[in-house]
Each structure stands twice: as C-alpha cells, then as structure tokens.
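Chain residues, written in single-letter form:
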Amino acid sequence: MQIPLVDLYAQYQQIKSEIDSAIEDVIRNSAFIRGEHVQHFEKKFSELLGANHCVSCGNGTDALYIVMKMMGIGHGDEVITTAHSWIATSETITQTGAKVVFVDTERDAFTIDTDQIESKITPRTKAIIPVHLYGHPADMGTIMEVASRYGLKVIEDCAQAHLAEYRNIKVGNIGDAATFSFYPGKNLGAYGDAGAIVTNDPTLAEKCRKFANHGSLIKHDHQIEGINSRLDGLQAAILNVKLPYLEKWTEQRIKIAKLYDNLLGDNDGIELPITKKGYKHAFHLYVIKTEKRDELRKYLADNGIGTAIQYPVALPLLPAYKYLGHTSDQFKVAHDHQNRILSLPMYPELDKGKVEYIAEQIMRFFQAHEVYQ
Ligand SMILES: *Cc1c(COP(=O)(O)O)cnc(C)c1O
C-alpha cells in the first residue's frame, strides 16, 4: 500500500465539478485580479472566524510582513517568537528591520513556552508572534496577559491552525491581528500561493489593505509606497468552493488523530501529540516523538508510507541565524524535539484502513526492535 503524507488530489476528486466550474467562471469573466471572488472570500472567511476584517494577500509570509509593517515595527525594535516554526515567522521580522528574539517551546504542545516570554522582554520589544504549531493553539491567555502588561502587540501566526480553538474562541480572533496561509497543503489550501490577515481593528485592516496594494485604496491614489501582494481571482474562487467544507474536514482530521491515538496508545517507544484541556487542535499535522525517529522513518518509507520532519532544525540553530550566536543549550526543548519529531500521514480523506495499516507498520517496527536489542 502507498500512503503519501498528504494527498491533495484525493480532495480535488471529491469537489472536482465545483472547482472546475469556479475556475471556468473566473476565466470567462477575466476576474484574475481582485473582483467579486476575492471580496466574497474575505467576507466569508472573516465571518467564519467571527472577526471583523479579513485582508487577503499573496501568501502567509507576506501577511506577517504586511501586518508588522503596518503596526509600525521596524529598525531598533524587537519581536519575540517561538524557536519552533517555519522560517516565514522569523524571516519577516528581520525583513521589517526589527530583531528576532527566540523563545524555547513547551515540552507537551510544541508551542512557545509562555513562562519564558517575560525574561526576553526589553524596552525595545514591540510584539509577540505565537505560532499555533501543527494546529494546536499556543497558550493565548498567558500571552495576552503578558502583552497587555508590557503594552505589546500580539500577532497570531495561524498558518497551520484554521478553525483551531482556544477556550471556545477560534484562533485568529484573540490577538491584535492574525495571519493565515492558504498554501496548497495547509488545512484550507488554494492551488497556488495565497494568504490573509485577520483583525478586529478597522484602522489596521485599512492600512494593510493599502500597503498590500501599492499604497492605494483607490486606483492611482498612492498615499504611501506599498508592495504588490494580492490574492488572485482563481485562488479566491477555489478557496470559496473549499471554505464551506472546512469544518467537516477539520472534524475528519480530529477523528483520524483519535484513531491514531487509540491504535498507537500502547506503544512505549513513541509519545503521541497532546491536546490541552479547553483547546481544539486542528491537526494540520499529527506529530509523534520517538528516539528511533530516523530508523522508523526509513522503515515506513520502505513500506510505502510517507512521513516528514517539521522541522529538522529549530529556527535559532539554522545557518540563517548563526549571526545571533545561539547554542542548543538555550533552546533545550526545541532542540530535543528537532531530533525526535515525525509527522505521520494526515489529510481529511485518509481512511480508517490506511490509518490501521500505518499503525500496524509502526507497531511492527517497534516489535522488531525489541527482538534485536
Ligand atoms: C506555511 C507557513 C507560513 C507561510 O505561509 P506561506 O503561505 O507559505 O507564505 C508561515 N508560518 C507558518 C507557521 C507556516 O506553516
């Protein structure tokens, strides 16, 4: 049996006629840039999250950059973020001119360790960017409390956490602003790059909209210099088809995670992902931890099962951040995780039989190891 980490074609097959006619409609009307599909998506996505404003843009990386710039973050400022994420979270901080300040992660949930945030705050700190990594929300209560005490902005990086919840509030609706990615493999994925900023602050929303569109809200009326970062019509039309399915797909991810939990629960060789009480995990990824990560990964590959390591090196330890002079001792948990994490196949269309096959192969691998040890 061949089981990929993610199967985007399986999803397309289920909604093929809707997608095909949406694409045809965009082409027929030449609605390639801006237009009604884009507006409709912004309206529906903000409604789904319960937020007042959604400003679409080219991708999730631009969303981070745009919102930080429009919050006035730049040279001389510091922004705190997690040691464990995709590099987009931290590289955009540097792009604004600010300095990246990394904080280690929690042992259980892979998200920023809120006990360590305060010790990293200086008079230059302007914002905190928690990442709801793998779909599990960061401890937003503590983050908002610390931020308000020090007058800091909070930007939620929701790229992996569409419809995840913290104490019954959807993520993206808790901080001052949030950023989303609709990269094809994300929980809500376009057929190319796409992203959005979500906020309840009308002034910030308008600034972001202006900056993302060459500094103008009205054609040729350039109030400031901006950038060109747009959600295109084709991607918006595709996202509009997919959006009504997102809740169902999220529930399917949670179901698959439960099935993995049940089938792998007795295995002493692995640690399963947790969901903290009062949190809703969106399971962008199902990530286990094991000392035998590399051998297990190879064994699964030999048996047709795709896995991934998200991510092989913690951000502060990447060559890109060598200039900060960090050591693995400063990020003990993130460093420990980078060597033990393994993402198992996870997508809404993954059926029970496949999950059972994957679990069976994992159990078999560990049984073999016990024998030969
Ligand atoms: C995917 C991702 C981004 C960037 O989104 P793109 O749309 O690929 O630019 C940012 N942060 C995290 C945590 C991500 O997973």
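Residues numbered from 1 in each chain as written. Predicted model: local features only at pLDDT ≥ 70, side-chain atom pairs only at ≥ 80, totals over all residues. Heavy atoms only, no water.

Trainee: Help me get a handle on the side chain of Asn187, residues and values and all.
Mentor: Along the chain, Asn187 turns up in the loop between strand S8 (177-181) and strand S9 (195-199). A distance of 2.9 Å separates polar atoms of two side chains, one belonging to Asn187 and the other to His284. Aside from chain neighbours lying at most four places away, what touches Asn187 is Gln160, His162, Leu246, Trp249, Arg253, Ala282, Phe283 and His284. (Helix = DSSP H or I, 4+ residues; strand = E, 2+ residues; numbered from the N terminus. Polar contact = N/O pair within 3.5 Å; in protein donor to acceptor, adjacent residues only side chain to side chain. Contact = heavy atoms within 4.5 Å.)

Trainee: Please provide a residue-by-residue account of the packing of helix H3 (residues 60-70) against helix H4 (residues 88-95), values included.
Mentor: When two helices pack together, their arrangement is given by the angle between the helix axes and by the axis-to-axis distance. It is at 9 Å that the axes of H3 and H4 come closest, and there the two elements cross at 40°. Our pair here, H3 against H4, has a crossing hand that is right-handed. Across the interface between the two elements, Thr61, Leu64, Tyr65 and Met68 from H3 touch Ala88, Thr89, Glu91, Thr92, Ile93 and Gln95 from H4. Class assignment for the residues of the contact of H3 with H4 results in five nonpolar, four polar and one charged. (Axes fitted to C-alpha atoms, helices over the stretch in contact; angles between N-to-C directions. Left-handed = near helix turned anticlockwise from the far one by under 90°. Nonpolar A, V, L, I, M, F, W, Y, C, P; charged D, E, K, R; others polar.)

Trainee: Would you mind going over the side chain of Ser90 in detail, with residue names and values included?
Mentor: Positionally, Ser90 belongs in helix H4. Residue Ser90 is classed as buried on the basis of its relative accessible area of 0%. Other than its neighbours up to four places away in sequence, Ser90 contacts Thr81, Val100, Phe102, Leu315 and Tyr321. (Buried < 20%, exposed > 50% of the residue type's maximum accessible area, 1.4 Å probe, protein only.)

Trainee: Run through the sheet that holds strand S13 (residues 341-344), naming residues and quoting values.
Mentor: Taken together, the three strands give an open sheet; going across it, the order is S10-S12-S13, and neighbouring strands pair in antiparallel fashion. Edge positions in the sheet fall to strand S10 (270-271) and S13, since each has one partner strand and no second. As judged from the two bridges shared by S10 and strand S12 (residues 286-290), these two strands associate in the antiparallel manner. Residue pairing in the sheet places Glu271 in a bridge with Lys289 of S12. Those strands touched by helix H8 (residues 246-264) are S10, S12 and S13, and its axis lies near 25° from that of S12. Sheet strands touched by helix H9 (residues 293-302): S12 and S13. Its angle to S13, the strand with the most contacts, is close to 25°. (Pairing = 2+ DSSP bridges.)

Trainee: Account for the site of the ligand, with residues named and values stated.
Mentor: Not every one of the 15 residues close to the ligand is listed here, only the nearest: Gly60, Thr61, Asp157, Ser181 and Lys186. At 2.6 Å, a side-chain N or O of Ser181 approaches an oxygen atom of the ligand. Between the ligand and the protein, one listed contact pairs an oxygen atom with a side-chain N or O atom of Lys186 at 3.1 Å. Judged by its atoms lying within 2 Å of the grid points, the ligand is housed in the largest pocket. Contributions of two or more residues to the shell around the ligand are made by H3 and H4. (Near = heavy atom within 4 Å. 1 Å grid on protein atoms, 1.4 Å probe; cavity = no way out; pocket = protein on both sides within 12 Å on 5 of 7 lines; lining within 4 Å. Sits in = over half its atoms within 2 Å of the grid points.)

Trainee: Let's hear about the pairing of strand S4 (residues 125-129): which residues, and what values?
Mentor: Burial within S4 is extensive, with four of its five residues counted as buried. Two elements, strand S2 (residues 78-82) and S4, share four bridges in a ladder whose sense is parallel. Opposite Glu78, over in S4, you have Thr125 as the bridge partner. Taken together, the two bridges between S4 and strand S5 (residues 153-157) define a ladder with parallel strand orientation. Opposite Ala127, over in S5, you have Lys153 as the bridge partner. Between the parallel elements S4 and S5, the chain passes through helix H5 (residues 140-150) in a crossover that is right-handed. (Right-handed = clockwise from strand over helix to strand, strands pointing away.)

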